[in-house]
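# Structural characterization, general
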Amino acid sequence: MAEPLRLLFLTQCPPSLELGGSKSQLELAAELERRGWHCQVAGPDASGIAAPAALLAEPWHVVDWDVHLALERSRLPPTTLSLARIPLLNLHLRGGHLPWPLGRWRWRRWAQHLLRRRRGGRSEIQELADAQQRVRRALTQADLINSWNSADTRLLIEQEGVAADRLIEMPPGLPPARLEQLGHLAARRGAGPSTRPPRVVVLSTFDFRKGALDLPPMLQRLRRRHPGLQLRLLGTRGLFRSEAEVRRYFPAHLQRALEVIPSFEAAELPRWLADCDAGLFPSHLEGFGIAVIEQLAAGLPVFAYDVPGPCDSLPPQWRVPR
């Protein structure tokens, strides 16, 4: 093209390298800018509108938008490609419920009570139905749909009837500078025997979709095999804001084995991963799982549920049935 490609990325949350909902777009935009393209990343305003009309009316070649925003095609010029990004496909959930650990009805009742209180009395089923409706509406508005994993692609074609020629499968990745930074950790691993107890890391917010209720029994079983094992929960802040809120879900005898870091600067990630031996990623549903490839780049084996997202990033022996 005679002129630089102009791309606008619309995210579901305020643009920040510390927020998973926008980090990939910020990093991609910065890398494309370095290669001579013109990019901008914008989040929704206070009312939840995807972007001001004046911004959308600019001569963008591509507007790449988060499916939660359900950007109407009429808001874009006809010469602009409307590309919907599917970071989390709620259509995978059947029966109106998030997946919960079996046999823990007491925790489930407490979790539902907490979610209703934070959502103004709305139930889990109501929230999920609204989310699924937004996704289906978004699918009709986009010129092209970017699926981040093969399970989403199959579902869109087989369950939602989306034509294959409207789909591309283009997952996010790590920018070269961060890949190199994390790669230095991988090169140093195994340089000598370690005398400290093993440390496992969970790089994720602490919430129910991310497997929060699965972690206490996991830690208990791991400690039976490795009595000194430590669990580091890194970047927990989300549904639960404080360290104390997270620790409430772990019994007293596991508290000394637990380290909780609610938030950290993006540049600090290598320091937090340097003394870890393996990663857990017990999310029940992901769009991709950028935390998985960050840990792989740092030389850590990562064990995850065999679900949308990690299903494409990990070898079969590191994936566990949910």
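Structure: see above.
A brief structural summary. (Residues numbered from 1 in each chain as written. Predicted model: local features only at pLDDT ≥ 70, side-chain atom pairs only at ≥ 80, totals over all residues. Heavy atoms only, no water.)

## Brief notes about the sheet that holds strand 1 (residues 6–10)
In space, the 6 strands of this open sheet follow the order 2-1-3-4-5-6, with parallel pairing throughout. Either end of the sheet is taken by a strand with one partner, and the two such strands are strand 2 (38–42) and strand 6 (167–169). Across this sheet, the average inter-strand angle for adjacent strands is 20°, counted without regard to direction. As paired elements, strand 5 (residues 144–147) and strand 6 share 3 bridges and run parallel to each other. Within strand 6, the position partnered with N146 by the bridge is I168. Where helix 1 (residues 20–34) meets the sheet, its contacts fall on strand 1, strand 2 and strand 4 (81–86), and the angle it forms with strand 2 comes to roughly 165°. (Pairing = 2+ DSSP bridges. Helix = DSSP H or I, 4+ residues; strand = E, 2+ residues; numbered from the N terminus. Axes fitted to C-alpha atoms, helices over the stretch in contact; angles between N-to-C directions. Contact = heavy atoms within 4.5 Å.)

## Focus on the packing of aromatic side chains
This model, assessed by the stated rule, comprises 7 aromatic pairs. Judged by centre distance (5.9 Å) and plane angle (85°), the ring pair of F208 and F240 falls under edge-to-face. Taken together, the residues span a long stretch of sequence, with F208 in the loop between strand 7 (199–203) and helix 7 (215–225) and F240 in the loop between strand 8 (230–234) and helix 8 (243–247) at a distance of 32 residues. Across this residue pair, the class does not change: F208 and F240 are buried. Ring geometry for F240 and Y249: centres 5.3 Å apart, planes at 65°, overall edge-to-face. The residues F240 and Y249 share a single accessibility class, namely buried. An aromatic cluster is built from F206, F208, F240, Y249 and F250, whose rings are joined through pairwise contacts. (Phe/Tyr/Trp six-rings, centres within 6.5 Å; stacked < 30°, edge-to-face > 60°. Buried < 20%, exposed > 50% of the residue type's maximum accessible area, 1.4 Å probe, protein only.)

## Observations regarding the side chain of K23
Positionally, K23 belongs in helix 1. On the basis of relative accessible area, K23 is assigned to the buried category, the value being 13%. Within the structure, the side chain of K23 is placed 2.8 Å from the side chain of E294, a separation counted as a polar contact. (Polar contact = N/O pair within 3.5 Å; in protein donor to acceptor, adjacent residues only side chain to side chain.)

## Here we look at helix 1
Compared with an ideal rise of 1.5 Å per residue, which puts 15 residues at 21 Å, helix 1 spans 22 Å between its outermost C-alpha atoms and is within 8% of the ideal. For helix 1, every residue scored as buried is listed here: S22, K23, S24, Q25, E27, A29, E31 and L32. Those residues of helix 1 that are buried are in contact with strand 1, strand 2, strand 4, helix 6 (176–188) and helix 10 (290–297). Positive phi appears at G36, one or two residues downstream of helix 1, with a value of about 100°. (Expected span 1.5 Å × (residues − 1).)

## Let's talk about the pairing of strand 2
As defined by bridge partners, strand 1 adjoins strand 2 across 5 bridges and the pair is classed as parallel. Among the inter-strand pairings, L8 is bridged to a residue of strand 2, identified as Q40. Each parallel crossover has a hand, and for strand 1 linked through helix 1 to strand 2 it is right-handed. (Right-handed = clockwise from strand over helix to strand, strands pointing away.)

## Observations regarding the pairing of strand 10 (residues 278–281)
Neither face of strand 10 is left uncovered, since the one carrying A278 and L280 and the one carrying G279 and F281 both have all their residues buried. Two elements, strand 7 and strand 10, share 2 bridges in a ladder whose sense is parallel. When the bridges of strand 10 are listed, V200 appears paired with A278. Where strand 10 meets strand 11 (residues 302–305), 3 bridges bridge the pair, whose relative direction is parallel. Bridging across to strand 11, G279 finds its partner in V302. At this point the chain moves from strand 10, through helix 10, to the parallel strand 11, and the crossover so formed is right-handed.

## Describing empty space enclosed by the protein
Tallied over the full model, the rule gives 1 cavity of 30 Å³ or more. Quantified by volume, the largest cavity comes out at close to 40 Å³. Among the residues making up the lining of the largest cavity, the classes are represented as 5 nonpolar, 2 polar and 1 charged. (1 Å grid on protein atoms, 1.4 Å probe; cavity = no way out; pocket = protein on both sides within 12 Å on 5 of 7 lines; lining within 4 Å. Points joined across faces, edges and corners; volume = space filled by probe spheres on them. Nonpolar A, V, L, I, M, F, W, Y, C, P; charged D, E, K, R; others polar.)

## Quick notes on the sheet that holds strand 12 (residues 319–320)
Read across the sheet, 6 strands follow the order 9-8-7-10-11-12 without closing on themselves; strand pairing throughout is parallel. Looking at strand neighbours, the two that pair on one side only are strand 9 (258–261) and strand 12, the edges of this open sheet. In terms of strand pairing, strand 8 meets strand 9 through 4 bridges, oriented parallel. Paired with L234 across the two strands is I261, which belongs to strand 9. Running over the sheet, helix 7 touches strand 7, strand 8, strand 10 and strand 11 and is turned about 150° from strand 8. Its contacts with the sheet put helix 10 on strand 7, strand 10 and strand 11, and the angle it makes with strand 7 is roughly 145°.

## Quick notes on the pattern of salt bridges
Side chains bearing opposite charge may pair, as long as their charged atoms lie close to each other. Tallying each qualifying case throughout the model produces 18 salt bridges. In this structure, E294 and K23 form a salt bridge, with 2.8 Å as the shortest nitrogen-oxygen distance. With E294 in helix 10 and K23 in helix 1, this pair connects stretches of sequence that are 271 residues apart. No difference in accessibility class separates E294 from K23, as the two residues are buried. Ionic pairing is found between E31 and R34, a salt bridge with its closest N-O pair at 2.6 Å. (Salt bridge = Lys/Arg side-chain N within 4 Å of Asp/Glu carboxyl O.)

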